[in-house]
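# Structural overview
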Amino acid sequence: MKGVFFLLLPVFLLQGCVSTKTINVMSEEKLTGPKVIAMSGSRSAWVYEIEKRLKSSGFQIKRMVSQNSSVEKVSDTKTDIYKEASSQYVLLIDGYAPNNSMERCFGGGYRFSYINAELIDLEKNETIFHYSNSGYSENCPPMSGTIFGDIANLAESAWQ
């Protein structure tokens, strides 16, 4: 019985290191036009790491999805007021990675309980890709992952 336990122990330990990463690309059609993305979600400290990688890939980042109010006269008796999007594409980010000295990585990275990123085309009202993962980001030796790079690479591969 002890022999079976010692044989199964490494299997159980390694299961804790299994990646939970899922990538779903919903649109194979490559996007054209300027690389402008509005980012939506909490402005946690790690969001800047994604933003920095997108900017280095040539993206222009807008901080808010809607910035302008538009007024349109529909008829003599009706006027519509609506928020105008600052970008056709929105990167919706949701995640949790503690940002305190006891839970941050020594290299400056983050340990994510979860992270979800979804690129949405507002004009077509469609999801372009969805990314989900947990675990360690870049700069978490010796367990470093590729979370931020994965999201930036997915966004870059969506354009021509």
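Procedures and definitions
- Residues numbered from 1 in each chain as written.
- Predicted model: local features only at pLDDT ≥ 70, side-chain atom pairs only at ≥ 80, totals over all residues.
- Heavy atoms only, no water.
- Core = buried A, V, L, I, M, F, W, Y, C linked by side-chain atoms within 4.5 Å.
- Buried < 20%, exposed > 50% of the residue type's maximum accessible area, 1.4 Å probe, protein only.
- Helix = DSSP H or I, 4+ residues; strand = E, 2+ residues; numbered from the N terminus.
- Contact = heavy atoms within 4.5 Å.
- Axes fitted to C-alpha atoms, helices over the stretch in contact; angles between N-to-C directions.
- Parallel < 35°, antiparallel > 145°, perpendicular 65-115°, else oblique.
- Left-handed = near helix turned anticlockwise from the far one by under 90°.
- Phe/Tyr/Trp six-rings, centres within 6.5 Å; stacked < 30°, edge-to-face > 60°.
- Lys NZ or Arg CZ within 6 Å of the ring centre and 35° of its normal.

## A short note on the nonpolar core
Residues I37, W46, I50, L91 and L119 are the most contacted members of the largest nonpolar core, which totals 29 residues. Secondary structure elements with two or more residues in this core: strand 2 (36-41), helix 2 (47-56), strand 6 (89-96), strand 7 (111-121), strand 8 (126-136) and helix 3 (147-158). When residues in this core are grouped by element, the largest group, 7 residues, is from helix 3. Aside from chain neighbours lying at most four places away, what touches I37 is F59, Q60, I61, K62, S87, Y89, V90, L91, L119, A155 and W159.

## Overview of the packing of helix 2 against helix 3
Across the interface, helix 2 lies against helix 3 with an axial gap of 9 Å and an inter-helix angle of 40°. The orientation of helix 2 with respect to helix 3, classified from their angle, is oblique. Pair helix 2 / helix 3 crosses with right-handed handedness. Counting all contacts with helix 2, which are made through E49, I50, R53 and L54, the residues of helix 3 involved are F148, G149, I151, A152 and A155.

## Some details on unusual backbone geometry
Each neighbour pair has its own omega, and for P141 with P142 the value is -5°, a cis peptide bond. With respect to the helices and strands, the residue P142 is situated in the loop between strand 8 and helix 3. One non-glycine residue, N125, lies in positive phi territory at about 55°. The residue N125 is located in the loop between strand 7 and strand 8 in this model. Overall, the relative accessible area of 67% leaves N125 in the exposed class. The backbone of N139 sits at a positive phi, close to 65°, despite the residue not being glycine. Summarising the element assignment, N139 is placed in the loop between strand 8 and helix 3.

## Overview of the packing of aromatic side chains
Enumeration according to the criterion identifies 6 aromatic pairs in this entry. Ring centres of W46 and F112 lie 5.0 Å apart, and the angle between their planes is 75°; on these two criteria the pair is classed as edge-to-face. You can see W46 sitting in the loop between strand 2 and helix 2 and its partner F112 sitting in strand 7, a full 66 residues away along the chain. Residue classification places W46 among the buried residues on the basis of a relative accessible area of 2%. For F112, a relative accessible area of 3% gives the class buried. Judged by centre distance (5.1 Å) and plane angle (80°), the ring pair of F59 and W159 falls under edge-to-face. Linking F59 in the loop between helix 2 and strand 3 (60-62) with W159 in the segment after helix 3, this pair joins segments that are 100 residues apart in sequence. Accessibility assignment for this pair places F59 and W159 in one class, buried. Directly above the aromatic system of F59 lies the positively charged group of K35, at a separation of 5.0 Å from the ring centroid.

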